[in-house]
Structure formats: C-alpha cells, structure tokens
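# Summary of the model geometry
Take a look at the letters that make up each chain.
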Amino acid sequence: MLIICFYFQLVGQQTYEKAYYIENEYSLHLGYFPIFVTQFPNNDYVFGGNKIITAESNCSFITKVDSSGNPIYSKVIEQPGANNIINTSDGGFLITSTSYGYLSNKEIILIKVDEMFDTVWTKSIGSDDIYDNSITKGILTKEINNNCYLTVGMSNAFGAGGYDTFIVKTDFGGNIIWTKTIGSDKNEYIRDFIQTDDNGFIFCGIIDYGLDAGNGIFLTKLDSLGNLKWTRVFNGNKNHNPRKINLTNDNCFIVFSELYSLGSDRDILIFKTDSNGNILWSNSYGNSLDDFGSDIICLSNDSYVFTASLQDPVSSEYNISLIKIDNFGEVLWSKKYGGEFSCQAGRVSRTNDGGFVIIGNTTRNFGNGNKDYPILIKTDYNGNTNCNNNISLNMSNYTIEIGSLEFQIVNEGNSRSLTECNIENVIMTDSLLCDFTQKISSNMDDISVSVYPNPFHYSTNIILDTPKTSSYSVDLYNCLGQLVFSITDIEDNSIMLNKGNLIEGIYILNISDNTKIVKQIKIIIK
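Notes on the structure follow. (Residues numbered from 1 in each chain as written. Predicted model: local features only at pLDDT ≥ 70, side-chain atom pairs only at ≥ 80, totals over all residues. Heavy atoms only, no water.)

### Describing the sheet that holds strand E14 (residues 187–195)
One open sheet holds the 5 strands; their spatial order is E14-E15-E16-E17-E31, and the pairing between them is antiparallel. The outermost strands of the open sheet, each flanked by one partner alone, are E14 and strand E31 (401–403). Strand-to-strand, the axes of this sheet are offset by a mean angle of 25°, without reference to chain direction. Judged from the 8 bridges that link them, strand E15 (residues 201–208) and strand E16 (residues 215–222) form a sheet pairing that is antiparallel. In the strand pairing of E16, phenylalanine 201 is matched with leucine 222. (Pairing = 2+ DSSP bridges. Helix = DSSP H or I, 4+ residues; strand = E, 2+ residues; numbered from the N terminus. Axes fitted to C-alpha atoms, helices over the stretch in contact; angles between N-to-C directions.)

### A look at the environment of tyrosine 507
Tracing the backbone shows tyrosine 507 in strand E41 (residues 505–512). Put simply, tyrosine 507 and leucine 483 are 24 residues apart on the chain and 9.8 Å apart in space, counted from C-alpha to C-alpha.

### Concerning the nonpolar core
Ile462, Leu464, Leu476, Leu509, Ile511 and Ile523 are the most contacted members of the largest nonpolar core, which has 19 residues in total. Excluding anything up to four places from it in sequence, leucine 509 contacts Val451, Ile462, Val474, Asp475, Leu476, Lys519, Gln520, Ile521 and Ile523. If you look at the next biggest cluster of nonpolar residues, it comprises 18 residues, including Ile139, Leu140, Cys148 and Ile190. (Core = buried A, V, L, I, M, F, W, Y, C linked by side-chain atoms within 4.5 Å. Buried < 20%, exposed > 50% of the residue type's maximum accessible area, 1.4 Å probe, protein only. Contact = heavy atoms within 4.5 Å.)

### A few points about the pairing of strand E17 (residues 228–235)
In terms of strand pairing, E16 meets E17 through 6 bridges, oriented antiparallel. Residue pairing for E17: leucine 222 is matched across the bridge by leucine 228. Between E16 and E17, which pair antiparallel one after the other, the connecting turn spans 5 residues, and glycine 226 there sits at a positive phi close to 90°. Note that E17 and E31 share 3 bridges and pair antiparallel. Looking at the pairing, valine 233 lines up with glycine 403 of E31.

### Some remarks on the environment of isoleucine 400
Tracing the backbone shows isoleucine 400 in the loop between strand E30 (395–397) and E31. Residues isoleucine 400 and phenylalanine 234, 166 residues apart in the sequence, show an inter-C-alpha distance of 6.2 Å. If sequence neighbours within four positions are ignored, isoleucine 400 has contacts with Phe234, Asn235, Phe271, Ile279 and Ser282.

### Structural notes on unusual backbone geometry
Cis peptide bonds are those with omega within 30 degrees of zero, and the linkage from tyrosine 452 to proline 453 qualifies with -5°. Examined against the element boundaries, proline 453 turns out to sit in the loop between strand E36 (448–452) and strand E37 (459–465). In this structure, the amide linkage connecting asparagine 454 to the following residue, proline 455, adopts the cis form with an omega of 10°. With respect to the helices, strands and loops of the structure, proline 455 is situated in the loop between E36 and E37. In this structure, asparagine 199 takes a positive phi of about 70° despite not being glycine. For asparagine 199, the location among the structural elements is in the loop between E14 and E15. In this structure asparagine 199 comes out as partly exposed when scored by relative accessible area, which is 30%. Not every positive phi belongs to a glycine, and serine 316 is a case in point at roughly 65°. Within the secondary structure, serine 316 is located in the loop between strand E23 (304–311) and strand E24 (318–325). Look at serine 316 and you get partly exposed, because its relative accessible area is 40%.

### Details of the packing of aromatic side chains
In total, this model carries 14 aromatic pairs according to the counting rule given. With a centroid separation of 5.7 Å and 55° between ring planes, the pair formed by tyrosine 285 and phenylalanine 306 is classed as tilted. Here tyrosine 285, found in strand E21 (residues 279–285), pairs with phenylalanine 306, found in strand E23; they are 21 residues apart in sequence, far enough to count as distant. In this structure, tyrosine 285 and phenylalanine 306 share a single accessibility class: buried. Through a chain of ring-to-ring contacts, the aromatic side chains of Tyr20, Phe47 and Phe61 assemble into a single cluster. The aromatic ring of tyrosine 16 is capped on one face by lysine 18, whose charged end is 5.7 Å from the ring centroid. Cation over ring: lysine 180 sits above tryptophan 178, and NZ or CZ is 5.9 Å from the ring centre. (Phe/Tyr/Trp six-rings, centres within 6.5 Å; stacked < 30°, edge-to-face > 60°. Lys NZ or Arg CZ within 6 Å of the ring centre and 35° of its normal.)

So, to be careful, I would describe these as geometric facts and stop short of saying anything about function.
Right, dumping it as structure tokens:
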C-alpha cells in the first residue's frame with residue numbers, strides 16, 4: 001500500500017488555484033495585474049506584471065513561487081509599469097515599458113534585471129528631439145537567435161504617417177543593431193510577433209480604418225535583416241483586436257484575436273494561415289454575453305489551448321477558462337476556474353509535468369477593500385484542478401475578407417543609457433482558493449540577518465537575530481534554483497558557511513519559519 005501511494009506521489013500532477021496579496025498593505029492602489037508566467041527547470045514559477053496605483057501611475061512587480069505555489073520572493077520596481085516581461089536565457093528578466101517624459105514625449109524603456117530582479121542595465125529608445133511631442137511606445141520584447149533581443153512598439157515619430165510599427169534589434173546589452181519602422185497611411189498598432197524557421201519575423205497587429213470603418217488585422221513578414229517581404233490584411237464584418245500569433249508544428253500561423261462590434265459584447269476569433277499568410281480556416285468562439293481571449297499556445301500533438309474570460313449569464317461576473325481545440329479549431333474540452341469571484345485570464349504556459357499554468361487576476365478583499373490580485377492556476381494535462389467545472393463554449397465559422405494596403409519601411413531610432421531604477425522587496429502572501437482561505441501572517445520585522453564577509457572566498461558567517469520561540473531553517477540555492485546547502489531547526493544563531501565544493505557565482509540564501517520565507521539575501525562567492 002505504501003509503495004502504491006509513493007508511486008502516485010512521483011507521477012501525479014499537482015493542481016491548485018491560489019491568489020496572492022501583500023499582507024498589511026495599506027497604500028492606495030487599484031490592484032495587481034499580471035501579464036507573464038513561466039516555469040523554470042527546478043519547477044519554480046515566476047509571474048509578474050503591473051501594480052496599478054492610479055489611472056495614470058503604475059509600477060512593475062515580479063513574484064517567484066515554488067512548485068506548490070508557495071511564495072519565495074516578490075519585488076516591486078518603481079515606475080514605469082511593464083507592458084511585457086520575459087525570462088531570458090541567462091536566468092534573468094527583461095521588462096519592456098514606456099517612459100512619460102518632458103512635453104508628454106514617450107520612449108521605449110528596456111530594463112534588464114538579474115535572477116533576483118536587481119537592475120543590470122536600462123535603455124531608452126526613441127526620438128532625440130524632446131520638444132517634438134512625439135510618442136514611441138514599447139509593446140513587447142523577445143529573445144531571438146544569435147544572442148539578441150527584438151523589441152516592437154508603435155510610434156508616430158518616424159514612418160509613413162500616424163502610428164506605425166517600430167522595430168528595434170539590440171544585442172544582449174541593449175545596444176541597437178538596427179531599427180525599422182513599418183506602416184501605411186493608416187494607424188497600425190503592433191500586438192505580437194514570432195521568429196520563423198528562416199530567422200525572419202512575422203508581425204501581427206491592428207489596422208485602424210477610422211470610426212466608421214472599424215479595425216482589421218495585418219500580418220507582415222520581414223527577413224532576418226529587417227527587409228519587408230510581404231504584408232497580408234484581413235477584414236470582416238466586425239472589429240478585430242489581435243492578441244497573439246504562434247508558429248504551428250506544420251509551419252503555419254495561428255492568430256488569436258478579439259472580435260466585436262461597437263456597442264456589443266465580445267467574442268474570440270482564431271484563424272490559421274499557411275506560411276505565406278493565406279487563410280486555411282477561421283472560427284469564432286463565445287456564448288451569449290461578453291467573452292474575450294488572452295493567450296494561446298501550440299501543443300506537440302497539433303492541438304492548441306487558449307485562455308479566455310467568459311461572462312457568467314447569472315452573476316455577470318467573469319470566470320477564467322482554458323479551452324483546448326484541435327488542428328481545425330473544433331473544441332475538445334473547456335474548463336472554468338475561480339469559483340464565485342470575478343476573475344480574468346492572462347497568460348498560459350505548459351508545465352514541466354505536461355499540465356498547464358495560468359496567470360490571471362481576481363477581485364477579492366484581503367483586508368484592503370475589493371481590489372485585483374494575481375491568481376495562479378495549476379492544472380493537469382486535461383485542464384483539471386481540484387475546483388474547476390466544465391463549461392460549454394459555442395463555436396461558429398467566421399468569414400474573413402482579404403484586404404490590401406501598401407506598407408512602407410524606413411530606418412530610424414536612437415538609444416541611450418538611463419539611471420538605475422529603484423527596486424523594493426515586498427512579502428507576497430498566498431491564499432488557497434478552493435474550499436477555504438489560508439492566511440499566512442508576516443513577521444518580517446521580527447528577524448534580522450547579517451552575512452559577513454559577503455562576497456567571500458573561503459567562508460562566511462551568517463548571524464540571525466530571531467525570536468526565541470520561533471524555529472527557523474536556512475537554505476542556499478544556486479542561480480539554477482538548485483538547493484546546495486540546508487540547515488533545519490536552527491539552535492545556534494551563528495552559522496559558518498564554508499565554500500567547500502561550491503563554485504564561484506551568485507547564490508540565494510532563504511531564511512524560513514514553519515510556513516514561509518521571511519528573509520532572503522544574495523550571497524556572492526568569488
């Protein structure tokens with residue numbers, strides 16, 4: 001009997017739904033809105049996004065949790081807020097944002113941080129003329145081949161007129177390699193892009209035809225040097241707001257979009273094209289009320305899963321949903337999460353155990369009034385948690401019309417280094433959302449820790465000033481998240497850490513009580 005239980009413990013898929021909040025946070029803010037989630041090889045998750053202070057003021061936050069969703073650390077970086085966050089191949093993160101400068105001049109801001117969310121470098125990209133009142137807004141950045149980044153945004157400072165797609169290729173230090181501006185005599189707003197197998201790029205965004213004509217979707221292909229290859233324009237009898245484009249296993253493209261008419265509820269539009277941008281099929285998804293999508297990923301078996309926020313017909317609240325479709329867009333299953341509270345879906349990612357992790361936000365009261373807080377949902381490979389329900393989702397064919405528009409391309413753009421951003425450590429508390437709420441109190445002020453010397457070469461001393469009634473443990477992790485040193489139930493407040501077989505580099509020291517991490521320190525071995 002024990003052998004059978006141990007076997008399922010090894011191969012079973014962990015599932016949960018958890019919300020996160022800053023305990024005893026009394027500062028005025030509207031809520032936390034996550035836009036990014038990823039899982040590392042050691043099964044920890046990192047999610048991040050924006051803390052909205054006012055309608056015109058926000059900042060970025062990032063939170064790391066273990067495989068069970070228990071918080072490891074959280075940090076808040078002062079303005080500006082994030083439009084996009086990615087994890088980079090060196091274990092750190094890159095934030096894409098927008099500055100609000102003199103005379104409302106806006107520029108793309110790139111902020112590179114390390115694995116502990118400490119600033120490595122910051123760059124500003126845009127017009128040199130601060131008096132021209134132009135706008136250059138950063139949308140997202142992705143790491144591409146040859147150790148480079150590609151950042152896309154929208155700008156009216158360069159290009160063919162109105163807002164155009166602004167593209168910047170930089171090296172790993174944020175230094176510009178080339179810039180391109182692509183657009184027409186209409187306003188275009190970039191939403192997503194992917195790198196193709198030939199090292200080129202496909203860009204996906206909105207074409208704004210004006211109030212009477214609505215919005216269309218464009219796909220633009222560039223080669224590896226940023227030269228324009230082709231453009232496809234897609235219209236219909238409704239407005240379109242594309243969210244995501246993905247490369248499929250058969251070298252085609254899946255486009256994920258909102259679909260709406262002025263004054264009416266939204267639906268979800270998904271269509272597939274071949275490698276040249278020709279339509280293969282197109283479907284709309286939704287029920288009778290307001291339904292909108294957030295993210296889509298391709299699976300290895302030629303199927304797809306996407307996240308959506310579906311409005312409940314009884315309560316009118318939104319629920320987070322995960323829907324799986326086959327290679328032709330037919331619904332295979334659909335699940336909803338979040339219980340009776342209002343929730344909205346964000347990104348979805350495949351987990352190391354074959355399940356899925358969804359990040360979103362939920363409106364709840366954790367002692368500071370009703371606000372929006374991050375919700376992390378871990379499912380098995382069929383989208384199940386301990387709390388989900390099946391939900392029906394209607395699908396219908398949607399006719400897309402092929403349009404035409406002449407795009408132009410120009411080379412412009414500048415960059416400069418900025419001063420380092422201020423970053424604040426905070427304690428994020430988790431709350432299990434299934435049948436009960438589990439609150440973990442914070443006692444950050446009850447413990448102080450000093451490490452000397454730091455950095456060190458042979459050994460260092462860890463001194464803990466802790467309450468006598470508490471029991472603590474010390475864990476040391478390398479930059480890959482692997483546990484390399486651990487002491488539990490500490491009796492002596494002074495610990496000597498010897499280098500031993502540890503290699504030179506950055507390590508993270510966690511001080512934990514019986515419920516959570518209460519102190520975290522970066523240690524450097526030279």
